[in-house]
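Fold and geometry: a report
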Amino acid sequence: MFEIQKKDLYSGARTGILHTDHGIINTPVFMPVGTAGTVKGVLQRDLKEQVKAGIILGNTYHLYLRPGIDILREAGGLHKFMNWDRALLTDSGGYQVFSLSENRQLKEEGAMFRSHIDGSAHIFSPESVVDIQRIIGADIIMAFDECPPYPCDYDYARDSMMLTHRWLDRALERFNSTGQLYGHRQVLFPIVQGSVYSDLRKQSAEYIAARNMPGNAIGGLSVGEPAGMMYEMLNIVNGILPDDKPRYLMGVGTPVNILEAIDLGVDMFDCVMPTRNGRNGMLFTREGIINIRNKKWADDFSQIDGDGPSDISSYYSKAYLRHLIISGEMLGAQIASIHNLAFYLWLVDEARKQIEKGEFRNWKNKMTVALAQRI
RNA sequence: GGGGAGAUACCAAAGUGGCCAACUGGGGCAGACUGUAAAUCUGCUGUCGAAUGACUUCGUAGGUUCGAAUCCUGCUCUCCCCA
């Protein structure tokens, strides 16, 4: 499924190709988040033509609650339902165990949720989450895990990690005893946990590596811990996870986080930041971060990002986009989302080119300074 | 011409003797957002100061009172009803 093309001599960075039945994906890759079967505010057409996304995310928890698995099955899976013929990855709902923690109870069997929509009670188990993801039909599906919060004491982190491991083995059993429903291949990625504790991360990475799955994910990071801690954990984990399998860092992150993680050997990313922060007026550019709501852009009629990552980025002016965002116009959210996503895709694509040229480290060091800047 | 109501900060609008530099919306300015319960949330918004605080404000000019956005009088302006 995955083949490495080029390894950087001076860092852990590498380029690769990920094969799916919905197209091949060059790594490093950024995957736009489309929780409820839509990347918020962005047409599928624009995901292809402007953003140039080869793979996007959906979320098991959200899709299970609405529209529900019956509709998804009837539709023939999420690809058909949303008319997306490129690759899909579904998150398992593990993150919702974390983010909706007030509405949930954890047990060995699984997690009891209360729907954020109507308060109704539901149970997710490692098995049922595999079943649901079979019905959704994503190319890559995720094991059901617990994403512990930060800070998190050692005992909780250890117990949580071990629960995630037990859940993984149950998920694998279910996954291996069921098949795809729609004629294309599905693979399951397990998830490394262990909070910010080196020995737990090591233990978890070894456990996950031993399952010999087609790809491996790293979860439970960027939940509030300092970035340095995240890099430290990545360094440990990536030293253990097999080289010849893609490594997916879940939920990360800022452009700088992504470049640092690529440096440490991560291949796949997703994050709500380009879309959510875009809707809220934050734009990512090569020169740094723009808060387009700031008054200083009111009469700046230059392109949002001249010579930028998408046609949209150069088609509209900063002053116009500011006006739209300030006015709460939905076109503003669309433009900002498309631009930011295109920027993220450009960033990882450029990283890939730099790795191929053997100049990744130098380029990254230059870029991280500019990218973190507020302009 | 007669009768009535009103004038509060950028806008709207509370407040009717001390807890008022003045509720609340909106607007403005800034911040947050990392496997999306987020087109959401937070802070500030008279002047000066990092702050304790100081100073100037509730149409306008006076007055009553220890104390006035609030009570009294004159003036200016606005709106409504009748003719």
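Residues numbered from 1 in each chain as written. Chains lettered and ligands numbered in written order. Predicted model: local features only at pLDDT ≥ 70, side-chain atom pairs only at ≥ 80, totals over all residues. Heavy atoms only, no water.

What follows concerns the packing of aromatic side chains. Evaluation of the coordinates by the stated rule reveals 15 aromatic pairs. Aromatic side chains Tyr-64 and Phe-124 sit 5.1 Å apart centroid to centroid with 70 degrees between the ring planes, which places their arrangement in the edge-to-face category. Here Phe-124 lies in strand 9 (residues 121-124) and Tyr-64 lies in helix 2 (residues 60-65), a separation of 60 residues in the sequence. Note on accessibility: Tyr-64 and Phe-124 belong to one class, buried. Look at Tyr-315 and Tyr-316: their rings are 4.9 Å apart centre to centre, the planes differ by 75 degrees, and that puts the pair in the edge-to-face class. For Tyr-315, a relative accessible area of 64% translates into the label exposed. Taken together through their ring pairs, the aromatic side chains of Tyr-61, Tyr-64, Phe-113, Phe-124, Phe-144 and Trp-167 make up a single cluster. If you follow Arg-211 out to its NZ or CZ, it ends over the ring of Tyr-207, 3.9 Å from the centre. (Phe/Tyr/Trp six-rings, centres within 6.5 Å; stacked < 30°, edge-to-face > 60°. Helix = DSSP H or I, 4+ residues; strand = E, 2+ residues; numbered from the N terminus. Buried < 20%, exposed > 50% of the residue type's maximum accessible area, 1.4 Å probe, protein only. Lys NZ or Arg CZ within 6 Å of the ring centre and 35° of its normal.)

Glancing now at the protein's contact with RNA strand B. Neighbouring RNA strand B are 42 residues, the closest being Tyr-95, Cys-147, Met-250, Val-272 and Thr-275. Take Asn-59: an N or O atom from its side chain is 2.9 Å from a phosphate oxygen of RNA strand B. Note that a phosphate oxygen of RNA strand B is positioned 3.3 Å from one of the side-chain N or O atoms of Arg-374. Mapped onto the surface near RNA strand B, the elements with two or more residues apiece are strand 5 (55-59), helix 5 (94-99), strand 15 (268-271), helix 11 (273-279) and helix 13 (318-326). The dominant element in the surface near RNA strand B, judged by the number of residues it contributes, is helix 11, at 5 residues. (Near = heavy atom within 4 Å. Polar contact = N/O pair within 3.5 Å; in protein donor to acceptor, adjacent residues only side chain to side chain.)

With respect to topology, 5 strands assemble into an open sheet ordered 4-15-14-13-12, the strand pairing being parallel. Strands at the two margins of the open sheet, each flanked by one partner only, are strand 4 (29-32) and strand 12 (191-192). Bridging between strand 4 and strand 15 involves 4 bridges; their strand directions are parallel. Across the sheet, residue Pro-32 finds its bridge partner in strand 15, namely Cys-271. (Pairing = 2+ DSSP bridges.)

Moving on, we get to the nonpolar core. What tends to happen in soluble globular proteins is that the nonpolar side chains get buried as a cluster. Grouped together as the largest cluster of nonpolar side chains are 88 residues, with contacts concentrated most on Phe-30, Leu-188, Leu-234, Leu-249 and Ile-262. Of all the elements, helix 14 (residues 330-357) adds the most residues to this core, at 11 residues. Listed in part, the 19 residues of the second largest apolar core include Phe-2, Ile-55, Val-187 and Met-268. (Core = buried A, V, L, I, M, F, W, Y, C linked by side-chain atoms within 4.5 Å.)

In this section: the side chain of Arg-134. Among the secondary structure elements, Arg-134 is positioned in helix 6 (residues 126-136). Although Arg-134 is buried, it forms no salt bridge, and the closest oppositely charged side chain is Asp-131 at an N-O distance of 6.6 Å. For Arg-134, the side chain forms a polar contact with the side chain of Gln-186, separated by 2.9 Å. The residues contacting Arg-134, other than those within four sequence positions of it, are Phe-175, Thr-178, Gly-179, Gln-180, Leu-181, Tyr-182 and Gln-186. (Lys, Arg positive; Asp, Glu negative; His and termini not counted. Salt bridge = Lys/Arg side-chain N within 4 Å of Asp/Glu carboxyl O. Contact = heavy atoms within 4.5 Å.)

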